[in-house]
Amino acid sequence: MRVPSLRTTTPTTVRPSPGSQVAADPLLAFDRAHLWHPYDSATTPGPVWRVESASGVRLRLADGTEVIDGMSSWWCAIHGYRHPVLDAAARDQLARMSHVMFGGLTHESAIMLAADLLELVTDRAGRPAFDHVFFADSGSVAVEVALKMAIQYQAGRGRPRSRILALRGGYHGDTLGAMSVCDPVEGMHRLFAGGLPQQVFAPCPPSGLGADIAEWTAVTSRLVAEHADQLAAIIVEPVLQGAGGMHVYPPACLRVLRELADAFGLLLVFDEIATGFGRTGEFFALHHADVVPDICCVGKALTGGYLTLAAVLCSAEVAAGVSASEAEVLMHGPTFMANPLACAIARANLGLLREGKWREQVAGIQQRLACGLEPCRGLPGVRDVRVLGAVGVVQLTKPVDVPAVTRAVLRRGVWLRPFRDLVYTMPPYICTDDDIDAITAAIRAAVAEVAQVAEVGE
Ligand SMILES: Cc1ncc(COP(=O)(O)O)c(C=O)c1O
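Residues numbered from 1 in each chain as written. Predicted model: local features only at pLDDT ≥ 70, side-chain atom pairs only at ≥ 80, totals over all residues.

Considerations on the overall build of the chain
Helix and strand counts for the chain come out as 13 helices and 16 strands. By the compact-globule yardstick of 23 Å for 458 residues, the chain fits well, its C-alpha radius of gyration being 22 Å. (Helix = DSSP H or I, 4+ residues; strand = E, 2+ residues; numbered from the N terminus. Rg over C-alpha atoms; globule rule 2.2 N^0.38 Å.)

Here's the deal with the environment of Ala-252
Counting through the fold element by element, Ala-252 comes out in helix α8 (residues 252-264). The class of Ala-252 is partly exposed, set by 19 C-beta atoms lying within 10 Å. Once the C-alpha coordinates of Ala-252 and Val-291 are considered, the two residues, 39 residues apart in sequence, prove to be 9.4 Å apart. Setting aside anything within four residues of it in sequence, one finds Ala-252 in contact with Ile-213 and Ala-289. (Buried ≥ 20, exposed ≤ 12 C-beta atoms within 10 Å, placed from the backbone. Contact = placed C-beta atoms within 7 Å.)

Points about the nonpolar core
Side chains of a nonpolar character, in soluble globular proteins, are inclined to be buried together. Counting residues in each nonpolar core, the largest one holds 140 residues, and the members touching the most others are Ala-311 and Val-312. With ten residues, helix α5 (residues 139-156) is the largest single contributor of residues to this core. If sequence neighbours within four positions are ignored, Ala-311 has contacts with Leu-117, Val-133, Phe-134, Phe-135, Ala-136, Ala-142, Val-298 and Leu-302. (Core = buried A, V, L, I, M, F, W, Y, C linked by C-beta atoms within 7 Å.)

Some points on the environment of Val-67
Mapping Val-67 onto the fold places it in strand β3 (residues 66-69). On the basis of neighbour counts, which here come to 23 C-beta atoms within 10 Å, the residue Val-67 falls in the buried class. In the structure, Val-67 is positioned 152 residues away from Val-219 in sequence and 46 Å away in space, judged by C-alpha atoms. Those residues in contact with Val-67, other than ones at most four positions away along the chain, are Arg-58, Leu-59, Leu-61, Leu-410, Gly-413, Val-414 and Trp-415.

Some points on the site of the ligand
Close contacts around the ligand come from 14 residues, with Gly-139, Ser-140, Gly-173, Ile-273 and Ala-274 the closest. At three residues, α5 tops the list of elements feeding residues into the shell around the ligand. Class assignment for the residues of the shell around the ligand results in five nonpolar, seven polar and two charged. (Near = placed C-beta within 6 Å. Nonpolar A, V, L, I, M, F, W, Y, C, P; charged D, E, K, R; others polar.)

Overview of the domain arrangement of the chain
When cut into domains, the chain gives domain 1 (49-81 + 357-457) and domain 2 (86-354). Taken together, the contact pairs 22 residues of domain 1 with 16 residues of domain 2. When residues of the side of domain 1 that touches domain 2 are traced back to their parent elements, those giving at least two are α2 (72-75), α11 (357-373), β13 (382-388), β14 (391-396) and β16 (422-425). If you tally residues by element for the side of domain 1 that touches domain 2, the top one is α11, at five residues. For the side of domain 1 that touches domain 2, a count of residues per class yields 15 nonpolar, five polar and two charged. (Domains from an automatic or database assignment.)

Brief notes about the pairing of strand β10 (residues 267-271)
Counting buried positions over the five residues of β10 gives five, a clear majority of the element. Alternating residues of β10 divide into Leu-267, Val-269 and Asp-271 and Leu-268 and Phe-270, and every residue in both groups is buried. In terms of strand pairing, β10 meets strand β11 (residues 295-298) through three bridges, oriented parallel. Considered in β11, the bridge of Val-269 is made with Ile-295. (Pairing = 2+ DSSP bridges.)

Points about helix α9 (residues 316-323)
Buried within α9 are the following residues: Val-318, Gly-321 and Val-322. End-on view of α9: buried residues confined to an arc of 100°, all on one side of the axis. Close packing links the buried residues of α9 with α5, β10, β11 and β12 (310-314). (Arc of directions from axis to C-beta.)

Structural notes on helix α12 (residues 402-410)
Among the residues of α12, Val-405, Thr-406, Ala-408 and Val-409 are the ones counted as buried. Down the axis of α12, the sector holding all buried residues measures 165°, keeping them to one side.

Remarks on the confidence of the model for the chain
Mean pLDDT for the chain: 93, with 94% of residues reaching 70 or above. Below a pLDDT of 50 lies the segment residues 5-19, which in the model reaches 22 contacts outside its immediate sequence neighbourhood of four places, other chains included. (pLDDT = per-residue confidence, 0-100.)

Considering unusual backbone geometry
Glycine aside, a negative phi is what most residues show, and trans is what most peptide bonds show. With a phi angle near 70°, Val-239 is a residue other than glycine that sits in the positive phi range. Relative to the assigned elements, Val-239 resides in the loop between β7 (231-236) and β8 (240-241). Even without a glycine there, the phi angle at Phe-277 is positive, about 65°. Mapping Phe-277 onto the fold places it in the loop between β10 and β11. Given 26 C-beta atoms within a 10 Å radius, Phe-277 is considered buried.

A few points about the environment of Met-149
Tracing the backbone shows Met-149 in helix α5. Remark: the alpha-carbon pair of Met-149 and Gly-321, spanning 172 residues in sequence, is separated by 8.9 Å. Each residue touching Met-149, except ones within four places of it in the same chain, is listed here: Ile-295, Val-312, Cys-314, Val-318, Val-322 and Leu-330.

What to know about the sheet that holds strand β6 (residues 200-202)
Here we have seven strands laid out as an open sheet, ordered β4-β12-β11-β10-β7-β5-β6, and mixed in their pairing. Whereas interior strands pair on both sides, the edge strands pair on one side only; in this sheet they are β4 (132-136) and β6. Strand-to-strand twist in this sheet, taken as the mean axis angle between neighbours without regard to direction, amounts to 20°. Examined bridge by bridge, strand β5 (residues 163-167) and β7 share three bridges and lie parallel to one another. Looking across to β7, one finds that Arg-163 is bridged to Leu-231. Here helix α4 (residues 108-120) sits on the sheet and contacts β4 and β12; the angle it forms with β4, its principal contact strand, is near 120°. The strands touched by α8 within the sheet are β7 and β10, with β10 carrying the most contacts at an inclination of about 145°. (Axes fitted to C-alpha atoms, helices over the stretch in contact; angles between N-to-C directions.)

Focus on the packing of α4 against helix α10 (residues 340-354)
Two numbers describe how α4 lies on α10: the axes approach to 8 Å, and their chain directions differ by 35°. Crossing angle aside, the handedness with which α4 passes α10 is left-handed. Touching Ser-109, Ala-110, Met-112, Leu-113, Asp-116 and Leu-120 of α4 are Pro-340, Cys-343, Ala-344, Ala-346, Arg-347 and Leu-350, all from α10. Taken together, the residues of the contact of α4 with α10 break down into nine nonpolar, one polar and two charged. (Left-handed = near helix turned anticlockwise from the far one by under 90°.)

Structural data, given as structure tokens:
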């Protein structure tokens with residue numbers, strides 16, 4: 001290892017990180033001086049904590065403390081860390097090959113994973129919903145592929161349409177095409193708006209599974225009708241908008257979008273990257289409604305949080321339309337497409353999910369999160385509390401002081417990564433009741449603590 005002895009003296013621009021281990025830890029000092037973290041500044045970085053190892057639902061930090069990972073590593077590690085079945089799948093695949101190109105070659109892990117996905121991603125009645133699988137290396141890339149598929153499909157059907165209808169409040173990734181379908185005003189990519197394809201945005205659906213959608217339906221129907229001759233597809237995160245605001249909306253909206261797509265010759269794309277594999281209490285969020293899209297993106301929990309991998313599933317009709325386009329082939333082919341190591345682990349992950357324990361686990365977590373977070377509603381500075389499946393959200397009235405909340409929950413043995421005005425958890429499904437209670441207790445205490453500090457400061 002290149003020992004970061006480092007010519008690095010921490011740059012003067014680096015903010016001191018109160019309570020962090022930077023001074024005592026040369027690796028952390030190197031990190032602060034040279035590494036760029038997600039959504040962070042390279043010159044004035046926020047604090048980071050160094051993880052030594054992880055096991056079950058716990059992260060072991062460099063100072064020896066262990067904390068429950070209430071984030072499942074950004075919603076992926078649904079079975080926790082160092083799961084023996086997933087570890088074994090990785091070792092077994094490593095012994096054969098870790099990677100081989102997918103252009104002109106294929107391999108068992110990709111073939112069997114595709115077969116498993118086509119069997120498992122079904123309609124609500126359990127009937128197969130898709131015919132083809134395209135593997136991508138991340139969620140954002142899967143969204144890019146889905147958008148390209150939709151545009152090529154329309155071209156193949158003699159309709160040169162390239163705009164996409166998306167929802168306000170949505171989030172679909174950080175690459176340019178995916179950014180163009182994120183909320184253009186409230187979303188994190190608004191700075192880039194001028195350089196992105198100009199999409200059409202329907203209003204954010206009303207909040208709550210059973211909300212009245214009459215007005216939303218009227219506005220959205222009008223928008224689709226007005227722009228139909230330019231629109232290739234509609235893309236949404238079904239039922240739960242994640243990184244755009246942890247917003248739960250009525251499944252009935254999905255039925256409206258299906259009808260509109262059918263009426264105007266648009267493809268319907270579901271981005272199940274965050275919601276897939278049980279997170280919302282149904283195996284896929286599309287099962288909350290009896291609606292099947294034309295294209296479906298899955299990722300995140302696909303490998304149980306071990307490696308980056310995503311997949312785009314589509315119907316035979318979509319594949320036929322793409323083939324009828326001038327290019328005849330789908331113009332996409334990443335270097336690490338269908339990486340065998342990732343595919344092998346994903347297969348093992350789907351095997352664990354097939355055992356079916358996830359349903360009881362997620363239902364139990366939902367109940368426990370609801371009990372544990374409901375008292376937050378009475379705390380000062382809290383706007384809303386909502387729970388869906390293994391997702392628990394406390395929305396504040398102001399932006400969260402992220403370092404303050406992070407430290408407050410870490411002191412209570414829990415790792416969380418709040419954003420915007422949201423303190424939330426998406427824990428691993430294998431959390432025990434005690435783990436969930438520890439997470440909700442930490443959230444309650446942290447929210448109360450930051451509210452108190454804010455009041456004193458005002
Ligand atoms: C709904 C949704 N789509 C796409 C993405 C992008 O996935 P990735 O971070 O793997 O690129 C995310 C990530 O949070 C997501 O929540």
